[in-house]
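Read off the chains here:
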Amino acid sequence: MENKFIKESAAELLEKLGKSGAEKEKEILSVVNKHSLIAAGAGWVPIPFVDFILVVGNIWTMYASINKVIGISFSDNLLKSIGSGVVANLSSAIISQALLSCLKVIPGIGTISASLFLTACNYATCIAAGYVYMRALTIIANEDGAIDPTDPDLKKKFKRVIKEQKSEGQKIKDEIQKEYIIEKQGEQK
């Protein structure tokens, strides 16, 4: 499944970094799609909160994979700071998903209902996180397209950009969830 938001943000990021090309764009789309599907599948883990932990870890791994594709090497510490900034920015969505995960303690209907809803939420959250992350990288890249991982103000810049992108990420998440719900309703008719 190709997501227009991810395709656009990947193309813009690669252009800014001077690494434009269909192959790199496909790689980024593949990374985000793979991690979004993993996040969706995590909704079916029957143990409350384990799914939540899997989704957050999966998003962090997605960032590292995107960095590998575009050739940016951040230290583990900086990547964790940046990743936690994006995850914190999507915190309202993630918190509601963690609370929804609590329904899994109700055998049968609670587990199935929570898992169905979490599939869409987790998928959309991962797409939105990928979008916000790539937008942030695009914005903080220098005029020459370089991202200096040794820049002492990089964490501050990244947090500012992430904060600015929060509403856009939420809109994307909401749109993807709405598309999923409409699609499922159409299948049931």
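As shown above, the structure is provided for reference.
Below, the structure is looked at part by part. These numbers were taken from a predicted model, which means no experiment stands behind them. (Residues numbered from 1 in each chain as written. Predicted model: local features only at pLDDT ≥ 70, side-chain atom pairs only at ≥ 80, totals over all residues. Heavy atoms only, no water.)

**Structural notes on the packing of helix H2 (residues 22-42) against helix H3 (residues 50-70)**
In plain terms, the rule: Axes here mean lines fitted to C-alpha atoms, for a helix over just the part in contact, with angles spanning 0 to 180 degrees between N-to-C directions. Secondary structure elements are defined from DSSP: runs of H or I of at least 4 residues count as helices, runs of E of at least 2 residues count as strands, and each element is numbered from the N terminus. Orientation categories follow fixed angle ranges, with anything under 35 degrees roughly parallel, anything over 145 roughly antiparallel, 65 to 115 roughly perpendicular, and all other angles oblique. By the convention used here, residues are in contact when the closest approach between their heavy atoms is within 4.5 Å.
Interaxial distance between H2 and H3 falls to 9 Å at its minimum, and their mutual angle equals 175°. Considering the angle they form, H2 stands roughly antiparallel to H3. Contacts between H2 and H3 involve Lys 24, Glu 27, Ile 28, Val 31, Val 32, His 35, Ile 38, Ala 39 and Ala 42 on the former and, on the latter, Asp 51, Leu 54, Val 55, Asn 58, Thr 61, Met 62, Ser 65, Ile 66, Val 69 and Ile 70.

**Section: the packing of aromatic side chains**
The condition that has to hold: When the centres of two rings from Phe, Tyr and Trp lie within 6.5 Å, Trp using its six-membered ring, the rings pair. Their planes under 30 degrees apart give stacked, over 60 give edge-to-face, and anything left gives tilted. A 1.4 Å probe rolled over the protein chains alone gives each residue an accessible area, and that area as a share of the maximum for its type sets the label: buried under 20%, exposed over 50%, partly exposed in between.
Counted by the stated rule, this structure contains two aromatic pairs. Ring geometry for Phe 5 and Tyr 131: centres 6.5 Å apart, planes at 80°, overall edge-to-face. Taken together, the positions of Phe 5 in helix H1 (residues 4-16) and Tyr 131 in helix H6 (residues 109-140) put the pair 126 residues apart, joining distant regions of the chain. For Tyr 131, a relative accessible area of 10% translates into the label buried. Ring centres of Tyr 63 and Tyr 133 lie 4.2 Å apart, and the angle between their planes is 20°; this geometry places the pair in the stacked category. Highlighted residues: Tyr 63 in helix H3 and Tyr 133 in helix H6, separated in sequence by 70 residues. On the accessibility criterion, Tyr 133 (0% relative accessible area) is buried.

**Some details on the side chain of Ser 9**
By secondary structure assignment, the location of Ser 9 is in helix H1. Residue classification places Ser 9 among the buried positions, given a relative accessible area of 2%.

**Here's the deal with the nonpolar core**
Formally: The set of buried Ala, Val, Leu, Ile, Met, Phe, Trp, Tyr and Cys residues whose side-chain atoms join them within 4.5 Å is what this entry labels a nonpolar core.
Judged by nonpolar contacts, the single largest core of 41 residues is most densely connected at Met 62 and Ile 70. Listing elements by their share of this core, those giving two or more residues are H1, H2, H3, H6 and helix H7 (154-188). Top element by residues in this core is H6. It accounts for 12 residues. Discounting residues that sit within four places of it in the chain, Ile 70 has contacts with Leu 13, Leu 14, Leu 17, Lys 19, Ile 28 and Leu 137.

**Concerning a nonpolar patch on the surface**
Test applied: A patch consists of residues exposed above 30% relative accessible area that lack any salt bridge, with like charges linked at up to 9 Å and nonpolar side chains (Val, Leu, Ile, Met, Phe, Trp, Tyr) linked at up to 5 Å. Surface exposure here means Shrake-Rupley accessible area, sampled with a 1.4 Å probe, where a residue is shielded only by the protein chains that are shown. Salt bridge criterion: a side-chain nitrogen from Lys or Arg within 4 Å of a carboxyl oxygen from Asp or Glu.
Where nonpolar side chains cluster on the molecular surface, the patch consists of Ile 47, Val 50 and Leu 54 and spans about 240 Å² of accessible area. Residue position: Ile 47 is located in the loop between H2 and H3.

**Comments concerning H1**
To be explicit about the condition: What a helix is expected to span follows from its residue count: subtract one and scale by 1.5 Å. Note that the arc is computed from the directions linking the helix axis to the C-beta atoms.
The end-to-end C-alpha distance of H1 is 18 Å, a good match for the 18 Å that 13 residues give at a rise of 1.5 Å each. Looking at H1, one finds that the buried residues are Phe 5, Ile 6, Ser 9, Ala 10, Leu 13 and Leu 14. Seen from one end, H1 has its buried residues packed into an arc of 150°, which puts them on one side. In H1, the exposed residues that point more than 90 degrees away from the buried face are Glu 8 and Glu 15.

**Some points on H3**
Between its first and last C-alpha, H3 extends 31 Å over 21 residues, near the 30 Å set by a 1.5 Å rise per residue. Residues of H3 that are buried: Asp 51, Val 55, Asn 58, Ile 59, Met 62, Tyr 63, Ile 66, Asn 67, Val 69 and Ile 70. Two residues or fewer after H3 comes Gly 71, characterised by a positive phi angle close to 80°.

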